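# Reading the structure
The primary structure of each chain is shown beneath.
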Amino acid sequence: MLDRVDRAHRALKAFTADASHELRTPLTLVRAHAQWGLAHQGQEAEVRDAMMSIEREVERTTKMVEELLLIARGENRQLALARVPFDLVPVVDEVKEITEAMAIDKSLVVRVELAEPAWAIGDADRTRHILLNLATNAVRYTLQGVVSFRLRKEGSMVGVSVQDTGPGIAPEHLELVFDRFFRVDQSRSRELGGTGLGLAIARLLAELQQGRVTVESTLGEGSVFTLWLPASTTQADAEPDAGLA
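Here the structure is a predicted model, which means the values were calculated and not measured.

### Some points on the pattern of salt bridges
Per the stated rule, a full pass over the model turns up seven salt bridges. One salt bridge in this structure joins Arg 203 and Glu 175, with 3.3 Å as the shortest N-O distance. With a gap of 28 residues between them, Arg 203 in helix 6 (residues 198-208) and Glu 175 in the loop between strand 5 (157-164) and helix 5 (186-191) connect regions that are remote in the sequence.

As C-alpha cells, this is what we get:
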C-alpha cells in the first residue's frame, strides 16, 4: 500500500510539473505579444500579427485545459459513457471523412478496409473521439503516403487500426507516447499544434469502455495504433447501461 501511495504521489508531482511547464510556455508567449502590441500601437500590420498570435495561443491553451479536465473527470469516474452495442463501420466512415479534410493539403491517401458490420460494446461518441485522436496524429506526422483504417478481431475483442506511413516510433518510446505531454519531437509537435494529450485521452477513453489502445511501429516505415473494444455479434448482446455517473 505504501508503495502504491508513493507511486501515486510521484506521478502527481510529475503531472503537476509537466502541466505547469506546458501552460507556462503559451502564457509567456501571450504576455510577450501583448506587451509588444501595446508598445507598438502605431504599427497596424505588426500589431494585427501580434493579436493573431495571441489568439492562436489562447485557442491552444483552451484546448489543453479542456483536455486536462476531460482526463480528470475520466480518472475520477465522473465521465458518462454508454455501454451498448454499436456498429464501428459508420463511426469509422465519419472519421475517414474528417481525416480526408485534415489531409487536404498533403499528399496523403486515406483508405478504409471495413467490408462488413463490426459490432462492439461501448460508447460510439467516445469511440469516435478516440479514432479522431489517432487519425489526427497519423496525419500530423505523415507528410505523404497512406493513412488506412482496418478492422481487426482477436478473441472476444474487435479492433480498428489506424495505420500510417510516417517516420515511425523508436522502440524505447512506444509506451511513453501514451504519457501526458510526451512528444518524441518536442519542438515539431508544438509547431504542428499538438498538446501532447491526445494519446493519453485515447487510452483513457478506451479503458473506460473496458478496452485498450495498442501500438506497433517500425522506424522509417510507419506506425499502427489499434483501438480494441469488447465485441458484440448482435445488437442484443448487451443491455443499455447509463455508464459512469
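After presenting the structure, the write-up continues.
### Let's talk about the confidence of the model for the protein
Residue-level pLDDT values for the protein average 81, and 77% of them are 70 or greater. Within the protein, the element-level pLDDT minimum falls on helix 5, averaging 50, and the maximum on strand 7 (residues 222-230), averaging 97. Overall, residues 238-245 carries pLDDT values under 50, and its contacts beyond four positions in sequence, including any with other chains, amount to 19 contacts.

### As for unusual backbone geometry
A positive phi angle is found at Gln 210, which is not glycine, with a value near 65°. Among the structural elements, Gln 210 can be located in the loop between helix 6 and strand 6 (212-218). Of the residues examined, Gln 210 reaches a relative accessible area of 52% and is grouped as exposed.

### A look at helix 3 (residues 88-102)
Over its 15 residues, helix 3 extends 21 Å from the first C-alpha to the last, a length consistent with the 21 Å expected when each residue adds 1.5 Å. Considered for burial, the residues of helix 3 that qualify are Leu 88, Val 89, Val 91, Val 92, Val 95, Lys 96 and Thr 99. The buried residues of helix 3 occupy one face: seen down the axis, they fall within an arc of 150°. Seen from the open side of helix 3, the exposed residues pointing more than 90 degrees away from its buried face are Glu 97 and Ala 101. Those residues of helix 3 that are buried are in contact with strand 1 (84-87), strand 2 (107-113), strand 3 (119-122), helix 4 (124-141), strand 4 (144-154) and strand 5. Looking at where helix 3 begins, the residue whose side-chain oxygen comes 3.1 Å from the main-chain nitrogen of Val 89 is Asp 87.

### Points about the packing of aromatic side chains
Evaluated as defined, the whole model comprises one aromatic pair. A ring pair is formed by Phe 178 and Phe 225, whose centres lie 6.1 Å apart and whose planes are at 75°; its orientation type is edge-to-face. Here Phe 225 lies in strand 7 and Phe 178 lies in the loop between strand 5 and helix 5, a separation of 47 residues in the sequence. For the pair shown, Phe 178 and Phe 225 are each scored as buried.

The rules behind each value
- Residues numbered from 1 in each chain as written.
- Predicted model: local features only at pLDDT ≥ 70, side-chain atom pairs only at ≥ 80, totals over all residues.
- Heavy atoms only, no water.
- Salt bridge = Lys/Arg side-chain N within 4 Å of Asp/Glu carboxyl O.
- Helix = DSSP H or I, 4+ residues; strand = E, 2+ residues; numbered from the N terminus.
- pLDDT = per-residue confidence, 0-100.
- Contact = heavy atoms within 4.5 Å.
- Buried < 20%, exposed > 50% of the residue type's maximum accessible area, 1.4 Å probe, protein only.
- Expected span 1.5 Å × (residues − 1).
- Arc of directions from axis to C-beta.
- Polar contact = N/O pair within 3.5 Å; in protein donor to acceptor, adjacent residues only side chain to side chain.
- Phe/Tyr/Trp six-rings, centres within 6.5 Å; stacked < 30°, edge-to-face > 60°.

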